[in-house]
Amino acid sequence: MIIVLKPEATESQIKHIVSRVKSIGLKPMISRGVERTIIGVIGEEDLLRVQPLEVYPGVEKVMPILAPYKLVSREFKPADTVVDVDGIRIGGKRLVVMAGPCAVESFELLLAIAKGVKKGGASILRGGAFKPRTSPYSFQGLGEEGLKYLAEAKKRTGMPVITELMDLRDLEIVERHADVIQIGARNMQNFDLLKEVGRSKKPVLLKRGMAATVKEWLLSAEYILQNGNFNVILCERGIRTFETETRFTLDMNAVPLIKSLSHLPILVDPSHGTGRWGLVPSMAKAAVAAGADGLLIEVHSKPEEALSDGPQSMLPEKFAKLMGELRRVAHAVGREL
Ligand code: PEP
Ligand code: MN
């Protein structure tokens, strides 16, 4: 349920409505827009139906939220959410590029790649320490050691770091070493994990499941917000279709669609979306043109030797060149980079 206030509603009127909502056992969330304030109310909506909130001074109208997801919906919060990561704002006018290797392999390699992507203009360093590999015989990641390397790379470069959390038991160490917690495609519907990161103070990047609809994806994000963490960034990373020439099919529709349905920022990952480094530049530019708030790109200084996702990893020099091209696309659509 959302309570839309009149543009001229006063602070004391807002306070009065908020305390009324609380007194009937519901949770109000205030969203202050440029023009007007909206109070979202989550809980047993029947309780509100018997309360004539429309007649309260300052109230313009009371409407149900029709979408199955509530807190993530644009109706609930019309203004864009901007997630702050160490002063880097995700979801604002400036695009944010997260780049780095698929997996942390060694400290020396990580640092070299980190320096490379920083020089190219990336602002957040990515790298997996816990890797969700299709085969149990593939490199599974360095685990806690990898997290320590990420934290050290942050110290040396000043770049905040993002890494994937796969298991609830690792939440504490991931929180200790990372600035953003990544929930990967394979865990998008791991509801216990979602609830737990919902209680975390760290921002969460939620990747779309490879067979998930946009509705399912937003409902997964809802789990995180519902548990108190509003710092959620969505990431489109490609879905499974009948096409086999590319690793996945990057669903670019999702970008403007998410923008209309939700206030959360959305990034695009053209590396997993295509599976081929040669296709990454075009899809990265398409993502920016479509309105994405940033990109997640895999970069490796020796892709042919990478322990995971080498075929989709860009060389640092190619990444830097792409950043220059992206800047021009960003300006063309009224964004900065
Ligand atoms: C990754 O970012 O390296 C990754 C495993 O991504 P996804 O969960 O999208 O497959
Ligand atoms: Mn990868």
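Quick note: structure is the one above.
Residues numbered from 1 in each chain as written. Chains lettered and ligands numbered in written order. Predicted model: local features only at pLDDT ≥ 70, side-chain atom pairs only at ≥ 80, totals over all residues. Heavy atoms only, no water.

The next thing to look at is the sheet that holds strand β7 (residues 96-100). Spatially, β7-β8-β9-β10-β11-β12-β13-β14 is the arrangement adopted by the eight strands of the closed barrel, whose pairing is parallel. Direction aside, the axes of adjacent strands within the sheet are offset by 25° on average. With five bridges joining them, β7 and strand β14 (residues 294-298) adopt parallel strand pairing. In the strand pairing of β14, Val96 is matched with Gly294. The sheet strands contacting helix α7 (residues 214-226) are β11 (204-207), β12 (232-236) and β13 (266-268), and the helix crosses β12 at an angle near 160°. (Pairing = 2+ DSSP bridges. Helix = DSSP H or I, 4+ residues; strand = E, 2+ residues; numbered from the N terminus. Axes fitted to C-alpha atoms, helices over the stretch in contact; angles between N-to-C directions. Contact = heavy atoms within 4.5 Å.)

Sheet architecture is open: four strands sit in the order β2-β3-β1-β4, paired in antiparallel fashion. Pairing within the sheet leaves two strands with one partner each, and these edge strands are β2 (27-32) and β4 (59-63). Taken pair by pair, the neighbouring strands of this sheet meet at an average axis angle of 20°, ignoring direction. Where strand β1 (residues 2-5) meets β4, four bridges bridge the pair, whose relative direction is antiparallel. Across the sheet, residue Val4 finds its bridge partner in β4, namely Lys61. The strands touched by helix α1 (residues 11-23) within the sheet are β1, β2, β3 (37-42) and β4, with β2 carrying the most contacts at an inclination of about 155°.

Per the counting criterion, the structure on display carries two aromatic pairs. Where Phe107 meets Tyr149, the ring centres are 5.8 Å apart and the plane angle is 55°; that geometry is what we call tilted. In this pair, Phe107 sits in helix α3 (residues 107-120) while Tyr149 sits in helix α4 (residues 144-157), placing the two residues 42 residues apart along the sequence. Looking at Phe107, the relative accessible area reads 14%, which means it is buried. Here Arg237 stacks its cationic end above the ring of Phe248, 4.1 Å away from the centre of that ring. (Phe/Tyr/Trp six-rings, centres within 6.5 Å; stacked < 30°, edge-to-face > 60°. Buried < 20%, exposed > 50% of the residue type's maximum accessible area, 1.4 Å probe, protein only. Lys NZ or Arg CZ within 6 Å of the ring centre and 35° of its normal.)

Below, the discussion takes up the layout of surface pockets. Sizing a probe to match a water molecule and rolling it over the atoms shows the empty space that remains. Considering only enclosed or pocket space, the largest pocket measures out at about 270 Å³ in volume. As for the largest pocket, its lining consists of 23 residues, and the residues nearest its centre are Lys131, Pro132, Arg186, His272 and Asp309. (1 Å grid on protein atoms, 1.4 Å probe; cavity = no way out; pocket = protein on both sides within 12 Å on 5 of 7 lines; lining within 4 Å. Points joined across faces, edges and corners; volume = space filled by probe spheres on them.)

A few words now on the nonpolar core. By size, the foremost hydrophobic cluster in this structure holds 76 residues, and its most contacted members are Val117, Leu125, Leu206, Leu234, Leu295 and Phe319. Examining the composition of this core, we find that seven residues originate from one element, α3, more than from any other. Counting contributing residues per domain, this core is built from domain 1 (2-63) and domain 2 (83-332), each supplying no fewer than three. In contact with Phe319, other than residues within four places in its own chain, are Val97, Ala99, Val117, Gly120, Ala122, Ile297, Val299 and Met314. By size, the runner-up hydrophobic cluster in this structure holds 16 residues, among which are Ala9, Ile24, Leu26 and Val59. (Core = buried A, V, L, I, M, F, W, Y, C linked by side-chain atoms within 4.5 Å. Domains from an automatic or database assignment.)

In this section: the packing of α7 against helix α8 (residues 254-261). Closest axis-to-axis distance for the α7/α8 pair is 12 Å, and the angle between their directions is 50°. In terms of orientation, α7 and α8 fall into the oblique class. For the crossing formed where α7 meets α8, the hand is right-handed. Between α7, through Val214, Trp217 and Leu218, and α8, the contact on the second element is made entirely by Ala254, Leu257, Ile258 and Leu261. For the contact of α7 with α8, the per-class residue count stands at seven nonpolar, no polar and no charged. (Parallel < 35°, antiparallel > 145°, perpendicular 65-115°, else oblique. Left-handed = near helix turned anticlockwise from the far one by under 90°. Nonpolar A, V, L, I, M, F, W, Y, C, P; charged D, E, K, R; others polar.)

Attention now goes to the pairing of strand β10 (residues 180-183). Consecutive side chains along a regular strand alternate between the two faces of the sheet. The alternating pattern of β10 places Val180 and Gln182 and Ile181 and Ile183 on opposite faces, both of which are buried. Where strand β9 (residues 161-164) and β10 come together, three bridges link them in parallel fashion. Bridge assignment links Thr163 to a residue of β10, and that residue is Ile181. For the handedness criterion, the β-α-β arrangement of β9, helix α5 (residues 171-177) and β10 is classed as right-handed. In terms of strand pairing, β10 meets β11 through three bridges, oriented parallel. When the sheet's bridge partners are listed, Gln182 is paired in β11 with Leu205. Handedness of the β10-helix α6 (residues 191-198)-β11 crossover: right-handed. (Right-handed = clockwise from strand over helix to strand, strands pointing away.)

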